[in-house]
Amino acid sequence: MKHLQLLEILVICLCTLFVIQPETGFAQTEEVPSVLVLNSYLRESPNVPMFNYAQLQRFGLAPSDLPAGTILLNEPDTFYDQYKNYIFGALIFISVQMLIIIALWINITRRKQAEEALAEERNLLRTVIDNLPDCIYAKDTENRFVIGNIAVARVMGVATPDELLGKRDFDFFPQELAEQYCADEQEIIRSGEPLINREEPLMDQTTGRKGWSSTTKVPLRDNCGEIVGIVGIGHDITERKRAEEALKESEGRLSTFINSATNAFTIWDADLNLIDLNQTAATYLPPGTKKEDLLGTSITKLVPDLKITGHYDRYMEVIRTGNPISFEEHVLYQGYGDKILNVRAFKVGDGLGIMTTDITERKRAEEALGESQANLSALIENTDGSIWSVDRDYRLIVGNSVFHQNVHAGRGRPFAPGNSVLADDFPPETLNEWCGYYDRALRGERFSVETQRGFVDTSRRYMEYRFNPIHAADGSVAGVTVFGRDITEHKRTEEQLKQALAEKTTLLQELYHRTKNNMQVIHSMLALRSLYVQDEQLLTVLEEVQDKIHAMALVHQKLYESRNLSSIDLKEYIEDLMAYLGQSYQVQANRISFDLDTDSVLVLIDTAIPCGLVLSELISNVFKHAFPGDRVGRISIQLHRAEDETITLQVSDNGIGVPGDFDVRRSDSLGLQTVMGIVEHQLQGEITVDTDHGLAWQIRFRDNLYRLRV
């Protein structure tokens, strides 16, 4: 519009200029005499003819009758020449007015187009706002609605957005809720600070449904920057809030479940720093360690060898790919011992979850079961006898290869699982006999029978069958397992061995018996001779010799009584020797007690006799010297065999002991010298003496000097 006004002013100025200019020109023409002009021209062209226009009119000549090049003086101007400047100015004025009219028309057209575009844009904007699911509205400084979309109208319970105009929240919401909204909006108008994504309670006035809205409110300013109201956008987050509450409740239940689980759960972030662990996992922490102290700790600090075992890279691979892994690992926990754990790692968010299950008992049970099954299967299949099981209806459950071979060889047909083992083609006496066997076992009885009436073989061979009931989980008998083997050759061999063994046993026993009797005769002769000896020293020597002879005779007595006939049990031998020596020295049981800690150690006769002589000498010395008078005491004997076949024999007492400067190797006692000689040379062992508390002898030797000869 301003441009058009400037254009009009410019046109008026131009028109004025053109009107004034011609008058100025005539004045100049009249002021210059034509004679001066002519004279100037004649000087330059002296041969040019000249005529006066008035004279030409007087003679009735027209300018066209004059020769070419004639100068006509005082010729009058034409109408065009007189008014051409005015005509030209008028034309310019008219043209400018036309331009102004055209410009005005263009301006009006563009304004109409702008108004139509603005109306279209407003309609488009209104359509977009009305079709948005979020509540969009504007309010003035008095909290009155000035605009609102369909979503706001629906929440407020009105039919159209126009019904909102001029109304406040108090017209729609409860007093308390409306006051909260108004207070927030007035604070925005006062401070100019927006309110971003605030979660507010929401009540849909159309449905009466209570919910939540995420509201953003910003100040509305005019062209001068003054706050004239607020603009608000509300997004319904009711479903999200419900989902969050459901998730929170679910997480609570999950947390309770995880903390109550017997499995150990741990959660780690993307860098494998500890985020959380359940109560079961906390029980594996070192004593005095709190869960809170470990949160944020790196897994490599808690498990230092994690990278060495390769598990660290495997965990990072799970985080990267999201593919879970599972493996078993042996772990040594302080206070818990060696554990077998099943570890399952899986991705949780951007981090890692690890579930650890203690499968120690299960693995041990599986290993034991697997080993038992393998051993049982090997035992069943590698035995030379028939093994089979039947149910309570005498139907075959399972049988080993020997059973099926014998059935096929004896009956010409196999027994399939589920078939009755009491077939109709069996002889009646066989059916009756075996039906009785099965019934006894089905009543829970374990027994074995030897018979010449085989189950599948009609020959008259000796067979042994062992029947064992199969017990179900509730204790009832569910079936019977039978083991059968041909003992015909065994019976024959047994009879032969019994006869040969009886002969050999008789021979050896007679030998041992005669040796023992001969020694007993010597012992008796020495005893009789002692009755006539007056010398106390000689009498003591004879008694010691008798003890040694008895010790050797006792070895032969044990061999005579032993089933082995080549080895004796030192445990039994020591007990009998102690009883004999106690009786020989007339030891009262209430004065000297015996403390025996002995293993069952079998030794050959070549080892037993020197051991007996050493024991006899050491125990005799205790009886004679350790407890003088009525002194009460205890004799301890220990006998053990180590894994390297080393035998340790210790004889100790709590008697009066020996002097502090006592040296067994320098002692002039024949008995002690005999002990040293037997231990170090015959048994090739070593002997030590402890005199701190009474007297203790420790003898160590290896039982590998002699070989079995019988």
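Residues numbered from 1 in each chain as written. Predicted model: local features only at pLDDT ≥ 70, side-chain atom pairs only at ≥ 80, totals over all residues. Heavy atoms only, no water.

Of the regular secondary structure elements, the protein chain holds 20 helices and 24 strands. Restricting to contacts in the protein chain with at least 6 residues of sequence separation, those with at least 24 account for 48%. (Helix = DSSP H or I, 4+ residues; strand = E, 2+ residues; numbered from the N terminus. Contact = heavy atoms within 4.5 Å.)

Counted by the stated rule, this structure contains 17 aromatic pairs. Taking the centre distance of 5.6 Å and the plane angle of 55° together, the rings of Trp434 and Phe467 count as tilted. One end of the pair, Trp434, is in helix α15 (residues 428–442); the other, Phe467, is in strand β16 (residues 463–471), and 33 residues separate them in sequence. A single burial state applies to Trp434 and to Phe467, both of which are buried. The structure contains a cluster of three or more aromatic residues connected by ring pairs, namely Trp388, Tyr394, Phe403, Trp434, Tyr437, Tyr438, Phe447, Tyr465 and Phe467. Sitting above the plane of the Tyr312 ring, Lys307 keeps its charged end 4.9 Å from the centroid. (Phe/Tyr/Trp six-rings, centres within 6.5 Å; stacked < 30°, edge-to-face > 60°. Buried < 20%, exposed > 50% of the residue type's maximum accessible area, 1.4 Å probe, protein only. Lys NZ or Arg CZ within 6 Å of the ring centre and 35° of its normal.)

Let's shift gears to the sheet that holds strand β19 (residues 592–598). Pairing is mixed across the open sheet formed by five strands, whose spatial order is β19-β21-β22-β24-β23. At either margin of the open sheet sits one strand with a lone partner, and together these are β19 and β23 (686–690). On average, adjacent strands in this sheet sit at an angle of 10° to one another, irrespective of strand direction. Relative to strand β21 (residues 633–641), β19 runs parallel, the two sharing seven bridges. Paired with Thr598 across the bridge in β21 is Leu639. The strands touched by helix α18 (residues 570–584) within the sheet are β19, β21 and β22 (646–653), with β21 carrying the most contacts at an inclination of about 160°. Across the face of the sheet, helix α20 (residues 670–682) comes into contact with β23 and β24 (695–702) while running at roughly 140° to β23. (Pairing = 2+ DSSP bridges. Axes fitted to C-alpha atoms, helices over the stretch in contact; angles between N-to-C directions.)

So, on to the sheet that holds β16. Taken in spatial order, the five strands make up an open sheet running β14-β13-β17-β16-β15, and their pairing is antiparallel. Each of the sheet's edge strands pairs with one partner strand only, and the pair in question is β14 (396–399) and β15 (447–451). The average angle at which neighbouring strand axes cross in this sheet is 20°, direction not considered. Where β16 meets strand β17 (residues 477–486), nine bridges bridge the pair, whose relative direction is antiparallel. Paired with Glu464 across the strands is Arg485, a residue of β17. The strands that α15 touches are β13 (386–391), β15, β16 and β17; relative to β17, the one it contacts most, it runs at about 130°.

On the surface, a cluster of negative charge is made up of Glu115, Glu116, Glu120 and Glu121. Residue placement: Glu120 occurs in helix α4 (residues 79–131). (Patch = residues over 30% accessible without salt bridge, like charges linked within 9 Å, V, L, I, M, F, W, Y side chains within 5 Å. Areas by Shrake-Rupley, 256 points an atom, 1.4 Å probe, with all protein chains shown as cover. Salt bridge = Lys/Arg side-chain N within 4 Å of Asp/Glu carboxyl O. Lys, Arg positive; Asp, Glu negative; His and termini not counted. Charge placed at Lys NZ, Arg CZ, Asp CG, Glu CD.)

Together, Tyr83, Tyr86, Ile87 and Leu91 line one region of the surface with nonpolar side chains, adding up to about 350 Å² of accessible area. With respect to the secondary-structure elements, Ile87 resides in helix α4.

Below, the discussion takes up the environment of Val218. When you line up the elements, Val218 lands in strand β6 (residues 210–221). In this structure Val218 comes out as partly exposed when scored by relative accessible area, which is 32%. For the pair Val218 and Pro194, spaced 24 residues apart in sequence, the C-alpha separation works out to 4.4 Å. Excluding residues within four positions of it along the chain, Val218 makes contact with Ile188, Pro194, Gly229, Ile230 and Val231.

Despite not being glycine, Asn197 shows a phi value in the positive range, around 50°. Residue Asn197 is classed as exposed on the basis of its relative accessible area of 52%. Despite not being glycine, Tyr394 has its phi angle at roughly 65°, a positive value. Relative to the assigned elements, Tyr394 resides in the loop between β13 and β14.

In this section: the confidence of the model for the protein chain. Per-residue confidence for the protein chain gives a mean pLDDT of 77, with 79% of residues at or over 70. Overall, residues 17–38 carries pLDDT values under 50, and its contacts beyond four positions in sequence, including any with other chains, amount to 15 contacts. (pLDDT = per-residue confidence, 0-100.)

This model, assessed by the stated rule, comprises 26 salt bridges. Residues Asp140 and Arg144 are paired through a salt bridge, measuring 3.1 Å at the closest nitrogen-oxygen approach. According to the relative accessible area criterion, Asp140 is buried, its value standing at 16%. We classify Arg144 as partly exposed; its relative accessible area is 35%. One salt bridge connects Arg364 with Glu361, and the closest N-O pair in it is separated by 3.7 Å. Of this pair, Arg364 and Glu361 are both found in helix α13 (residues 360–382), three residues apart, which corresponds to roughly one turn of the helix.

With that settled, the discussion passes to the nonpolar core. Ranked by internal contacts, the top residues of the largest apolar core, which has 41 residues, are Ile635, Ile637 and Ile699. Looking at this core, the elements that each hand over two or more residues are α18, α19 (605–626), β21, β22, α20 and β24. Not counting residues within four places of it along the chain, the set of residues in contact with Ile699 comprises Val614, Leu618, Ile647, Thr648, Leu649, Val679, Glu686 and Ile687. Counting 24 residues, the second largest nonpolar core, distinct from the first, contains Tyr437, Phe447, Val477 and Val482. (Core = buried A, V, L, I, M, F, W, Y, C linked by side-chain atoms within 4.5 Å.)

Where burial is concerned, the two faces of β15 differ: the one with Phe447, Val449 and Thr451 is buried and the one with Ser448 and Glu450 is not. Inspection of the sheet shows β15 paired to β16 by five bridges, in the antiparallel sense. What sits directly across from Glu450, in β16, is Glu464.

Running from N to C, α19 and α20 cross one another at 150°; their axes reach a closest spacing of 10 Å. Relative to α20, the element α19 is oriented roughly antiparallel. The handedness of the crossing between α19 and α20 is left-handed. For the pair α19 and α20, contact is made by Pro610, Leu613, Val614, Glu617, Leu618 and Asn621 and by Gly671, Leu672, Val675, Ile678, Val679 and Gln682, respectively. Residue classes in the contact of α19 with α20 are distributed as eight nonpolar, three polar and one charged. (Parallel < 35°, antiparallel > 145°, perpendicular 65-115°, else oblique. Left-handed = near helix turned anticlockwise from the far one by under 90°. Nonpolar A, V, L, I, M, F, W, Y, C, P; charged D, E, K, R; others polar.)

All right, on to the side chain of Thr488 then. Mapped onto the secondary structure, Thr488 falls in helix α16 (residues 488–530). Take Thr488: its relative accessible area is 4%, and that puts it in the buried class. At 2.8 Å, the side chain of Thr488 forms a polar contact with the backbone nitrogen of Tyr462. A distance of 2.8 Å separates polar atoms of two side chains, one belonging to Thr488 and the other to Asp486. Aside from chain neighbours lying at most four places away, what touches Thr488 is Arg461 and Tyr462. (Polar contact = N/O pair within 3.5 Å; in protein donor to acceptor, adjacent residues only side chain to side chain.)

Interaxial distance between α18 and α19 falls to 11 Å at its minimum, and their mutual angle equals 35°. Crossing handedness for the pair α18 and α19: right-handed. On α19, the residues that touch Leu570, Tyr573, Ile574, Leu577, Met578, Leu581 and Gly582 of α18 are Cys611, Gly612, Leu615, Ser616, Ile619, Ser620 and Phe623. Of the residues belonging to the contact of α18 with α19, the class tally is ten nonpolar, four polar and no charged.

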